[in-house]
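An overview of the molecular structure
Here are the chains, one letter per residue:
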Amino acid sequence: MDINFPLILVVLTFATGLVWLADVVFFKPRRLASHGAASAANADSAALDDDGEESREPYLVDLSRSFFPVLAIVLVLRSFLVEPFTIPSGSMLPTLEVDDFILVNKFAYGLRLPVIGTKIVDIGDPQRGDVMVFKVPEDGETNYIKRVIGVPGDRIRYRNKTLYINGEEVESQFVAKLPPVELRRERLGDVEHDIFLTLGRQSGAGEGEWVVPEGHYFMMGDNRDNSNDSRFWGTVPDELVVGKAFAIWMHWKSLTSLPTFDRVGAID
């Protein structure tokens, strides 16, 4: 079972915050009053100061007071600004490699509430050519990363390894043969990016024609013959959008190896 880290982060933040708030509002005044009464009854206790009171703070309260600000900052940054992701598969080759660590802009397409994903501030919409992280419609939980091919109203056709948008063939230029793949340079509007086509593989899988509904997006991987995308499970509704991938910041194969930074840079 996948760990729902956003939910865990939200629960921990609110739990530590509530414990700290409850202590400040209810329990700490009672502790102070109790010690004050004891001080009045015993002259030897008259010198008890605030430091003494803080030392009597329950362990859970002390822990919550220490962790709440850190958790709150992480929650805000991760939910509304930037979130890190790791690339688990080769579906976005050659743009993204397995074990690339990327950064995703969480506000490019609007501010959304953590966990439930409801948009509360509309800032912008995904555009053709964007590399986007989203939750796959099949389960609404697993994060996928693909390229935006179609926006609402577009008619997408994929035939003989050729992409058509609204009846026009998408510009694609041969770059090189790198067995077992062919490297091509594709242009989607103002965005140019590289794609892989597997040499010798017959067309057929993933072929078809689709109309993108309102509020949905058609996604495809740059590794066209090795990508599980909208050609197989349909379009992505706006409520499942996570954010726009904009940079690679590290490449790290495993805990037994050192991270490398030769791939650091913007994502085309």
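Our structure's up above, just so we're on the same page.
Here we summarise the structure given alongside this text. What you see is a predicted model; the values in this text were computed from it and never measured.

**Thoughts on the overall build of the protein chain**
Looking only at helices and strands, one finds 4 helices and 17 strands in the protein chain. For the protein chain, the C-alpha radius of gyration of 26 Å lies well beyond 18 Å, the compact-globule estimate for 268 residues. Dimensions of the protein chain, computed from C-alpha atoms along their principal axes, come out at roughly 90 × 45 × 35 Å. A total of 268 residues make up the protein chain; the buried ones form 38% of that total. Sequence separation of at least 24 residues holds for 56% of the intrachain contacts in the protein chain that already meet a minimum separation of 6. Surface accessibility of the protein chain: about 14900 Å² in total, with carbon and sulfur atoms responsible for 59%. Computing the positive centroid from 27 side-chain charges and the negative centroid from 39, the protein chain places the two 5 Å apart.

**A closer look at the nonpolar core**
Leu 96, Ile 102, Val 131, Ile 145, Ala 245 and Ile 267 are the most contacted members of the largest nonpolar core, which totals 13 residues. Counting residues per element, the ones that place at least two in this core are strand S2 (100–105), strand S5 (131–135) and strand S16 (241–251). In terms of residue count, the dominant contributor to this core is S16 (3 residues).

**Focus on the pairing of strand S10 (residues 172–178)**
Each regular strand carries side chains that alternate between the two faces of the sheet. Pairing analysis gives 6 bridges linking S10 to strand S11 (residues 181–188), with the strands arranged antiparallel. Bridging across to S11, Ser 172 finds its partner in Glu 186. The turn linking S10 back onto S11 is made up of 2 residues.

**Some words on the side chain of Glu 182**
Secondary-structure assignment places Glu 182 in strand S11. On the basis of relative accessibility, which here comes to 14%, the residue Glu 182 falls in the buried class. Within the structure, the side chain of Glu 182 is placed 2.8 Å from the side chain of Arg 184, a separation counted as a polar contact. With sequence-adjacent residues up to four places away left out, Glu 182 is seen in contact with Phe 174, Ala 176, Lys 177, Ile 195, Phe 196, Leu 197 and Leu 199.

**Describing the sheet that holds S10**
Strand order in the open sheet formed by 3 strands is S10-S11-S12, and the pairing between neighbours is antiparallel. Of all strands in the sheet, those with a lone pairing partner are S10 and strand S12 (191–198), marking the two edges. The sheet shows a mean angle of 25° between the axes of neighbouring strands, direction not considered.

**Remarks on the sheet that holds strand S13 (residues 208–211)**
In space, the 4 strands of this open sheet follow the order S9-S8-S7-S13, with antiparallel pairing throughout. At either end of the open sheet lies a strand with only one pairing partner, and these are strand S9 (168–169) and S13. Bridge count for strand S7 (residues 155–159) against S13 is 4 bridges, and the pairing is antiparallel. Looking across to S13, one finds that Arg 157 is bridged to Glu 209.

**A few points about the pattern of salt bridges**
Inspection of the entire model under this criterion finds 21 salt bridges. Across the salt bridge formed by Glu 57 and Arg 65, the nearest N and O atoms sit 3.0 Å from each other. Looking at Arg 65, the relative accessible area reads 31%, which means it is partly exposed. Overlapping salt bridges bring together Arg 112, Lys 119, Asp 122 and Asp 238 as one network.

**Points about the packing of aromatic side chains**
Tallied over the full model, the rule gives 7 aromatic pairs. On the basis of an interplanar angle of 70° and a centroid distance of 6.1 Å, the ring pair of Tyr 144 and Trp 233 is categorised as edge-to-face. With a gap of 89 residues between them, Tyr 144 in strand S6 (residues 143–150) and Trp 233 in helix H4 (residues 230–233) connect regions that are remote in the sequence. Connected via pairs of aromatic rings, a cluster forms that spans Phe 101, Trp 249 and Trp 252. Sitting above the plane of the Tyr 164 ring, Arg 157 keeps its charged end 4.2 Å from the centroid. Its end group placed over the ring of Tyr 158, Arg 231 keeps NZ or CZ at 5.0 Å from the ring centre.

**A look at unusual backbone geometry**
In terms of backbone geometry, most residues other than glycine have negative phi values and most peptide bonds are trans. Of the consecutive residues Leu 93 and Pro 94, the connecting peptide bond is found in the cis state with omega at 5°. Cis geometry is adopted by the peptide bond preceding Pro 180, which originates at Pro 179 and carries an omega value of 15°. With respect to the helices, strands and loops of the structure, Pro 180 is situated in the loop between S10 and S11. You will see that Lys 161, though not glycine, has its phi angle at about 60°, which is positive. Within the fold, Lys 161 resides in the loop between S7 and strand S8 (162–165).

The rules behind each value
- Residues numbered from 1 in each chain as written.
- Predicted model: local features only at pLDDT ≥ 70, side-chain atom pairs only at ≥ 80, totals over all residues.
- Heavy atoms only, no water.
- Helix = DSSP H or I, 4+ residues; strand = E, 2+ residues; numbered from the N terminus.
- Rg over C-alpha atoms; globule rule 2.2 N^0.38 Å.
- Buried < 20%, exposed > 50% of the residue type's maximum accessible area, 1.4 Å probe, protein only.
- Contact = heavy atoms within 4.5 Å.
- Areas by Shrake-Rupley, 256 points an atom, 1.4 Å probe, with all protein chains shown as cover.
- Lys, Arg positive; Asp, Glu negative; His and termini not counted.
- Charge placed at Lys NZ, Arg CZ, Asp CG, Glu CD.
- Core = buried A, V, L, I, M, F, W, Y, C linked by side-chain atoms within 4.5 Å.
- Pairing = 2+ DSSP bridges.
- Polar contact = N/O pair within 3.5 Å; in protein donor to acceptor, adjacent residues only side chain to side chain.
- Axes fitted to C-alpha atoms, helices over the stretch in contact; angles between N-to-C directions.
- Salt bridge = Lys/Arg side-chain N within 4 Å of Asp/Glu carboxyl O.
- Phe/Tyr/Trp six-rings, centres within 6.5 Å; stacked < 30°, edge-to-face > 60°.
- Lys NZ or Arg CZ within 6 Å of the ring centre and 35° of its normal.

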